[in-house]
Amino acid sequence: MRILICGGGVIGASIAYFLACRGIAATVIEGTGVACAASGKSGGFLALDWCDGTPLEPLARRSFALHARLTEEIGGDWGYRRLTTHGGYAGIRRHTCHHGNSYDIDWLSAGVRVNQRLGTAETTAQVHPARFTAAMMRAAEARGAKLRLGRVTGILRREDQGRVAGVQVDGETVEGDVVVIAMGPWSILAAAWLPLPAVFVLKGHSLVFDTGTKLSADALFVEYREASGAVQTPEVFPRTDGTTYVCGISGESPLPIDPADVTPDPGTIERLRRMCEDLSPAFSPAKVVAQQACYRPITRDGLPLIGRVLGVEGAYIATGHSVWGILNAPATGEAMAELIADGAARTIDLSPFNPGRLPVLDPARLRWNSMR
Ligand SMILES: Cc1cc2nc3c(=O)[nH]c(=O)nc-3n(C[C@H](O)[C@H](O)[C@H](O)COP(=O)(O)OP(=O)(O)OC[C@H]3O[C@@H](n4cnc5c(N)ncnc54)[C@H](O)[C@@H]3O)c2cc1C
């Protein structure tokens, strides 16, 4: 079985890894670079039970367990560790009433009130997402998978149209029996090639600071009121590599067709910087080592698309993981490997994520600039 996985983000790399563990060597085709998009620029925060009570619960719980197992199984350092997670508020406070006693985290500014324990070291953890994705890809390659750099521009079908025959990569034909669309937000491109539902996007901005290794393993979700009155919800994750990642402020600009063209919206990084200066003296502008933006892939009902593409044999999709793509990548990869190799997923019931549950996007409506 020749398997072609389109997209080298955390989802594509995880599918390649779990297939490789079963002795099936897939080829991952990545247009820009492994983890060049959200899989390299996200928070990497993991939670055991924050999806409980939703259809994502089994996927999240299985993934949380797999993240812990993978550190032993693969070996290597991608900054996996358990965290304590807190909620609090900061900024200009008006018309807000916050209950509960606040407590201190020593590296936060005095104006930040931390008043909620949202997770413990049993229930929350983190990875450095770019390193995790790269490690999954490397581990897949060590077991036989291939990484091919090139942009997928179309899908080839057999003469009767009922089965995939491969993909078009930079004008070249690459033959395959199975094609998996795992291009994150750019999976919308594949709606022109296959009967697929729409994938929408939400842009997020982030800063990474060089903070040294003295910040405690405490993650923070803050409600922050800007001087304008706008409420933002920055997320703060100190990492094991001596950096701290802070994301916040959604963006409005549409998804560019080339992942290399994703840039922060004008003025947004400055706003995020001001917010960060308020949150901690450790977040001074001089300590910024990265300022970036990325897009979450989102579906109409908020659940990912994981499974077969109806009506085209050999075509599969795994995308739309929204804010939980890093968390949910391992169980997605494992279940997709089972589905492709055995015909059915065993570890997770994929039926809530069946792509066939949502209406197919009419390719004629695929106007690139409005895809957000
Ligand atoms: C600001 C922010 C913070 C986040 N924080 C967290 C978090 O703390 N925890 C969590 O679990 N999730 C988080 N997420 C969500 C998570 O990052 C995403 O759900 C996840 O990275 C999506 O992975 P993916 O592989 O589907 O897509 P992507 O990472 O977007 O990868 C898609 C890949 O496909 C490639 N590609 C695109 N078009 C083509 C083509 N034509 N041919 C070949 N390759 C192509 C791209 O170059 C890219 O490498 C966050 C997201 C954002 C934006």
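Data block above holds the structure.
About the cut-offs
Residues numbered from 1 in each chain as written. Predicted model: local features only at pLDDT ≥ 70, side-chain atom pairs only at ≥ 80, totals over all residues. Heavy atoms only, no water. Near = heavy atom within 4 Å. Polar contact = N/O pair within 3.5 Å; in protein donor to acceptor, adjacent residues only side chain to side chain. Areas by Shrake-Rupley, 256 points an atom, 1.4 Å probe, with all protein chains shown as cover. Helix = DSSP H or I, 4+ residues; strand = E, 2+ residues; numbered from the N terminus. Nonpolar A, V, L, I, M, F, W, Y, C, P; charged D, E, K, R; others polar. Buried < 20%, exposed > 50% of the residue type's maximum accessible area, 1.4 Å probe, protein only. Pairing = 2+ DSSP bridges. Axes fitted to C-alpha atoms, helices over the stretch in contact; angles between N-to-C directions. Contact = heavy atoms within 4.5 Å. Core = buried A, V, L, I, M, F, W, Y, C linked by side-chain atoms within 4.5 Å. Phe/Tyr/Trp six-rings, centres within 6.5 Å; stacked < 30°, edge-to-face > 60°. Parallel < 35°, antiparallel > 145°, perpendicular 65-115°, else oblique. Left-handed = near helix turned anticlockwise from the far one by under 90°. Expected span 1.5 Å × (residues − 1). Arc of directions from axis to C-beta. Salt bridge = Lys/Arg side-chain N within 4 Å of Asp/Glu carboxyl O.

*Asks:* Which parts of the structure should I look at to understand the site of the ligand?
*Replies:* Near the ligand, the surroundings consist of 37 residues, among which Glu30, Ser39, Ser322, Val323 and Leu327 are the closest. In this structure, an oxygen atom belonging to the ligand sits 3.2 Å away from a main-chain N or O atom of valine 10. When isolated, the ligand has an accessible area of 1000 Å², and the protein chains bury 98% of it. Listing elements by their share of the shell around the ligand, those giving two or more residues are α1 (10-21), β2 (27-30), α2 (38-41), β18 (288-298) and α6 (325-342). Considered class by class, the residues forming the shell around the ligand number 20 nonpolar, 14 polar and 3 charged.

*Asks:* Looking at this structure, I do not really get the pairing of strand β12 (residues 178-181). What am I missing?
*Replies:* Regular strands show a simple pattern: their side chains alternate between the two faces of the sheet. Burial of the side chains of β12 extends over both faces: Val178 and Val180 are buried on one face and Val179 and Ile181 on the other. Bridging between strand β1 (residues 3-6) and β12 involves 4 bridges; their strand directions are parallel. The residue of β12 that forms the bridge with cysteine 6 is isoleucine 181. Summarising the sheet, β12 and strand β20 (residues 315-319) pair through 3 bridges and their orientation is parallel. Within β20, the position partnered with isoleucine 181 by the bridge is isoleucine 317.

*Asks:* Please clarify how the sheet that holds β12 should be interpreted in this entry.
*Replies:* Strands belonging to one sheet form pairs held by backbone hydrogen bonds; the direction of such a pair is parallel or antiparallel. Strand order in the open sheet made by the 6 strands is β8-β2-β1-β12-β20-β19, with mixed pairing throughout. Only two strands of the sheet have a single partner each, and these edge strands are β8 (146-149) and β19 (305-308). If you compare each strand with its neighbour and ignore which way they point, the axes differ by 20° on average. Bridging between β19 and β20 involves 4 bridges; their strand directions are antiparallel. Across the sheet, the residue bridging to glycine 307 is isoleucine 317, located in β20. Lying on the sheet, α1 is in contact with β1, β2, β12 and β20; it crosses β1 at an angle near 160°.

*Asks:* Mind showing me how you'd approach the side chain of aspartate 177 here?
*Replies:* Positionally, aspartate 177 belongs in the loop between β11 (172-175) and β12. Within the structure, aspartate 177 has its side chain in polar contact with the backbone nitrogen of arginine 2 (distance 2.7 Å). Those residues in contact with aspartate 177 that lie beyond four places of it in its chain are Met1, Arg2, Arg158, Arg163, Val164 and Gly314.

*Asks:* Whenever I open this one, the nonpolar core confuses me. Can you help?
*Replies:* Inside soluble globular proteins, nonpolar side chains tend to come together where they are buried. In terms of nonpolar packing, the biggest core is built from 63 residues, with Ile3, Ile5, Leu19, Val180 and Met336 touching the most fellow members. Each residue touching leucine 19, except ones within four places of it in the same chain, is listed here: Ile3, Ile5, Ile24, Ala26, Ala337 and Ile340.

*Asks:* Quick question: what am I supposed to make of the sheet that holds β11 here?
*Replies:* Read from one edge to the other, the open sheet built from 3 strands follows the order β9-β10-β11, with strand pairing classed as antiparallel. One side of each edge strand has no neighbouring strand; the edge strands of this open sheet are β9 (152-157) and β11. Strand after strand, the sheet turns through a mean of 30° between neighbouring axes, direction not considered. Pairing geometry for strand β10 (residues 164-169) and β11, over 4 bridges, is antiparallel. Paired with valine 169 across the bridge in β11 is glutamate 172.

*Asks:* Just checking my understanding: could you explain the packing of aromatic side chains for this structure?
*Replies:* Where two aromatic rings form a pair, the distance of their centres and the angle of their planes describe that pair. Applying the stated criterion across every chain, the model contains 12 aromatic pairs. Here phenylalanine 45 and phenylalanine 237 contribute two aromatic rings whose centre-to-centre distance is 5.3 Å and whose plane-to-plane angle is 10°, an arrangement assigned as stacked. Remark: phenylalanine 237 occurs in strand β16 (residues 235-238) and phenylalanine 45 occurs in strand β3 (residues 45-47); sequence separation between them is 192 residues. Summarising the burial analysis for this pair, phenylalanine 45 and phenylalanine 237 share the class buried. What links up through ring pairs into an aromatic cluster is the set Phe45, Trp50, Phe221, Phe237, Tyr245 and Trp324.

*Asks:* What's the story with the packing of α1 against helix α4 (residues 129-142) in this structure? I'm lost.
*Replies:* For any two helices packed against each other, one specifies the crossing angle of their axes together with the interaxial distance. Running from N to C, α1 and α4 point in directions that differ by 30°, and their axes come no closer than 8 Å. The angle between α1 and α4 places the two elements in the roughly parallel class. Both α1 and α4 take part in a crossing whose hand is left-handed. Residue-level contacts link Val10, Ala13, Ser14, Ala16, Tyr17, Phe18 and Ala20 of α1 to Phe132, Thr133, Met136, Met137, Ala139 and Ala140 of α4. Looking at side-chain class alone, the contact of α1 with α4 contains 11 nonpolar, 2 polar and no charged residues.

*Asks:* Explanation requested: helix α5 (residues 268-279) in the structure shown.
*Replies:* Since one α-helical turn is 3.6 residues long, residues separated by three or four positions face the same way. Between its first and last C-alpha atoms α5 spans 17 Å; for 12 residues at 1.5 Å apiece the expected length is 16 Å, and the two agree. Every buried residue of α5 is accounted for by Thr268, Ile269, Leu272, Met275, Cys276 and Leu279. For α5, the arc enclosing every buried residue in end-on projection is 120°, short of the 170-degree limit, so these residues lie on one face.

*Asks:* Is there a simple way to think about the pattern of salt bridges in this case?
*Replies:* Pairing is possible between side chains of opposite charge, provided their charged atoms come close. Across all of its chains, the model carries 16 salt bridges by this definition. The salt bridge partner of arginine 62 is glutamate 334, with a shortest N-O separation of 2.6 Å. Placement of the pair is arginine 62 in helix α3 (residues 57-74) and glutamate 334 in helix α6, with a sequence separation of 272 residues. A relative accessible area of 27% means that arginine 62 is categorised as partly exposed. Look at glutamate 334 and you get buried, because its relative accessible area is 9%. Measuring nitrogen to oxygen at the nearest pair gives 3.8 Å for the salt bridge that ties arginine 158 to aspartate 177.

Geometric values such as these leave the question of function open.
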